[in-house]
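Residues per chain are reported as follows:
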Amino acid sequence: MEKKIKTWTEKWIPENVIPVPREDFLPDLNQKVSDLINSNCTWKLNMLTDMFDDNNVQLIKLIEPNNVGDNDNIKWIGTRDGEVSVKSAYNYLCNRNHLNVKVDWIGIWKLKVIPRVQMSLWKACSDCVPVKDELGRHIPIDTQCILCNKLVSETTYHLFLNCHFAEGVWRGMSLSTVFYNGKSIYFKDWCVKWLKDKDNKKVYAYVLWFLWKYRCRVAFDGIKLNLVGLIEKIKTELKKFINTSNNGNDKQRSSSKNSCDCFHPNCKFGKDGYTCSDPHYIMFDASFNKSNLNFAYAAVLLDCNGAILNFAGGTGRCTSSEEAESRACREATRWAKDAGVDSITFLNDNLNVINGIKRKNFAVNWRSEAFIPKALENTNSFASSSFFYIKRNCNYIADSLAKYFLKCGLSEIDSRNWSKDRKKVFFSKICNINNVCSFA
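Residues numbered from 1 in each chain as written. Predicted model: local features only at pLDDT ≥ 70, side-chain atom pairs only at ≥ 80, totals over all residues. Heavy atoms only, no water.

A.B. asks: Give me the overall build of the protein: which residues, what numbers.
C.D. replies: When helices and strands are counted, the protein shows 20 helices and 6 strands. Accessible surface, the protein as shown: approximately 22,900 Å² in total, 49% of it carbon and sulfur. (Helix = DSSP H or I, 4+ residues; strand = E, 2+ residues; numbered from the N terminus. Areas by Shrake-Rupley, 256 points an atom, 1.4 Å probe, with all protein chains shown as cover.)

Structural data, given as structure tokens:
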């Protein structure tokens, strides 16, 4: 990104603000970001500390510098891939930037409900519900809510969380607590909150869907409002719909990744078909602390029988858990390259990163995307290499190591020069080694 980007007049640091120089530093307005980068693609830390305050220095260090000879790539913060779209620009101008609220979109599609409910919930969280207030922006219609007598526009928030009729439904279903939890927050924030409730999120999703269906019948079929009748209908239909989703459609939907992509030593969820046959394989994982942007990675080298040969890891800072996983991928391939193995299989429990490596579906966001090509470049030194997705339970060793490194703040560790006994003692601090691993 750095050849043309000016240091003091453009928004290039993670918080999307123009950097401010230190009080005792006189900035050169023509200076480029490329002037702050060494030829080996690392930041000139002495220059950074002379020019910026400590907070900006830490933010800049989160950025992975590209090759100085690469072309500039201006990225748009309103989308995951960094490309501008009409929809993202419109949402930004309307103060509805979806990046401000982290929605578990995969969780919505894995929700154990019928597909119509999933689609309705997805539309609600994407601001795509055709409520009157939205339609009234494009065509001249009466935007007043038809479920209550208040002279209030029918917005998504009002329809589900502020309408007196909706309030009666939530209270009649004995769900007043979740309803009133949404009174002081945005609709999408409210959905994100209750989607974490594993026991009741299906019920909440169905109530939203029933409310929307009933509103449409009032609008288009002209039925009279009947609060008691709707509550009784929801209670009756709810049991049937939940039983249907549990016994049928949901089993189909959730089976896509109920197993590892390959059968490997110590595998608990291996699927029929491909079996890891390389003499070595590496499990890698990352752990991310959202509150302070610290992360840790771990890589574990195992033989074909699943015995631990060596392990390595370290800590750093990044902007998201997905970026942490992408950085872990790069570090694992770099470490394997230094280990001098010829053929190796890499195993990880982040499907986006594995798909990105395989170029099946570049689902990682643009901040994480930069680390994937570097990981692939590291694999060029192997006679053969492959990447496979495995379940989190199968990646237990790397996952435990990464969490331990993050907790202890270990900057860097490499066991290649350790004795077997020292490796065992180290692992005994983390887990019960007799149950989960052996050492070669």
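A.B. asks: Run through the sheet that holds strand S3 (residues 308–317), naming residues and quoting values.
C.D. replies: With mixed pairing, the 6 strands of this open sheet are ordered in space as S5-S4-S1-S2-S3-S6. Because the sheet does not close on itself, it has two edges, and the strands there are strand S5 (384–389) and strand S6 (412–414). Strand-to-strand twist in this sheet, taken as the mean axis angle between neighbours without regard to direction, amounts to 15°. As paired strands, strand S1 (residues 280–289) and strand S2 (residues 294–303) are joined by 10 bridges and run antiparallel to one another. Residue Asp 285 lies in a different strand from S2, and its bridge partner there is Ala 298. Against the sheet, helix H14 (residues 321–339) contacts S1, S2, S3, strand S4 (343–348), S5 and S6, and its axis sits at roughly 145° relative to S1. Seen against the sheet, helix H19 (residues 420–428) touches S3 and S6 and runs at an angle of roughly 50° to S3. (Pairing = 2+ DSSP bridges. Axes fitted to C-alpha atoms, helices over the stretch in contact; angles between N-to-C directions. Contact = heavy atoms within 4.5 Å.)

A.B. asks: For a nonpolar patch on the surface, give the residues involved together with the corresponding values.
C.D. replies: Together, Trp 105, Trp 109 and Met 119 line one region of the surface with nonpolar side chains, adding up to about 260 Å² of accessible area. Take Trp 109: it is sitting in helix H4 (residues 105–109). Among the residues examined, Trp 109 registers a relative accessible area of 32% and is labelled partly exposed. (Patch = residues over 30% accessible without salt bridge, like charges linked within 9 Å, V, L, I, M, F, W, Y side chains within 5 Å. Salt bridge = Lys/Arg side-chain N within 4 Å of Asp/Glu carboxyl O. Buried < 20%, exposed > 50% of the residue type's maximum accessible area, 1.4 Å probe, protein only.)

A.B. asks: Residue-level account of the environment of Phe 426, with values.
C.D. replies: If you trace the backbone, Phe 426 turns up in helix H19. Given a relative accessible area of 9%, Phe 426 falls into the buried group. Placed 11 residues apart in sequence, Phe 426 and Ser 415 show a C-alpha to C-alpha distance of 9.8 Å.

A.B. asks: Can you tell me about the pairing of S1, naming the residues and giving the values?
C.D. replies: When a strand is regular, its side chains alternate between the sheet's two faces. Buried residues dominate S1, accounting for 7 of its 10 residues. Where S1 folds back on S2, the antiparallel hairpin that results is connected by 4 residues, among which Leu 293 adopts a positive phi of roughly 65°.

A.B. asks: Any details on the pattern of salt bridges? Residues and values, ideally.
C.D. replies: A full pass over the atoms with the stated rule returns 12 salt bridges. The closest approach of N and O atoms between Arg 22 and Asp 24, which form a salt bridge, is 3.8 Å. Glu 134 is the partner of Arg 137 in a salt bridge, and the nearest nitrogen-oxygen pair spans 3.8 Å. On the basis of relative accessibility, which here comes to 47%, the residue Arg 137 falls in the partly exposed class. Residue Glu 134 is classed as buried on the basis of its relative accessible area, which comes to 19%. Three or more residues joined by partner-sharing salt bridges are found here, namely Asp 349, Arg 392, Asp 399 and Lys 403.

A.B. asks: So, the environment of Ala 166: which residues are in play, and what are the values?
C.D. replies: Within the secondary structure, Ala 166 sits in helix H8 (residues 164–172). Separated by 42 residues in the primary sequence, Ala 166 and Leu 208 have C-alpha atoms spaced 9.2 Å apart. Here Ala 166 is in contact with Leu 159, Phe 160 and Leu 211, once residues within four sequence places are set aside.

A.B. asks: Pulling in residues and values, what's your account of the pairing of S3?
C.D. replies: Note: S2 against S3, 9 bridges, orientation antiparallel. Looking at the pairing, Leu 302 lines up with Ile 308 of S3. From the end of S2 to the start of S3, which pair antiparallel, there are 4 residues, and Gly 306 there has a positive phi angle of about 90°. Examined bridge by bridge, S3 and S6 share 3 bridges and lie antiparallel to one another. Considered in S6, the bridge of Gly 314 is made with Glu 412.

A.B. asks: Lay out unusual backbone geometry with the relevant residues and their values.
C.D. replies: Glycine aside, the phi torsion of most residues is negative, and most peptide linkages are trans. A positive phi angle is found at Cys 41, which is not glycine, with a value near 65°. Residues other than glycine seldom take positive phi values, yet Ser 174 does so here, at roughly 60°. With respect to the helices, strands and loops of the structure, Ser 174 is situated in the loop between H8 and helix H9 (176–180).

A.B. asks: I'd like a description of helix H17 (residues 371–378), backed by residues and values.
C.D. replies: Here H17 has its buried residues at Phe 371, Ile 372, Ala 375, Leu 376 and Asn 378. Along the axis of H17, the buried residues cluster in a sector spanning 155°; they form a single face. Turning to H17, the residues buried within the fold contact H14, helix H15 (351–358) and helix H16 (366–369). (Arc of directions from axis to C-beta.)

A.B. asks: If you had to explain the state of the cysteines to someone new, which residues and values would you point to?
C.D. replies: Here the structure, examined in full by the defined rule, presents 0 disulfides. In this structure Cys 125 is not part of a disulfide, and its nearest cysteine sulfur, from Cys 191, lies 4.1 Å away. No disulfide involves Cys 394; its nearest neighbouring cysteine sulfur is the one of Cys 260, lying 3.7 Å away. (Disulfide = S-S within 2.5 Å.)

A.B. asks: Residue-level account of the nonpolar core, with values.
C.D. replies: Counting 50 residues, the largest nonpolar core has Leu 121, Val 169, Trp 170, Leu 175, Trp 190, Trp 194 and Tyr 206 as the members making the most contacts within it. By residue number, the principal contributor to this core is helix H11 (residues 201–220), which donates 13 residues. Those residues within four positions of Trp 194 in sequence are excluded, and the remaining contacts are Leu 121, Val 178, Lys 201, Tyr 204, Ala 205 and Leu 208. Membership of the second largest hydrophobic core comes to 27 residues, among which are Phe 295, Ile 372, Leu 376 and Tyr 389. (Core = buried A, V, L, I, M, F, W, Y, C linked by side-chain atoms within 4.5 Å.)

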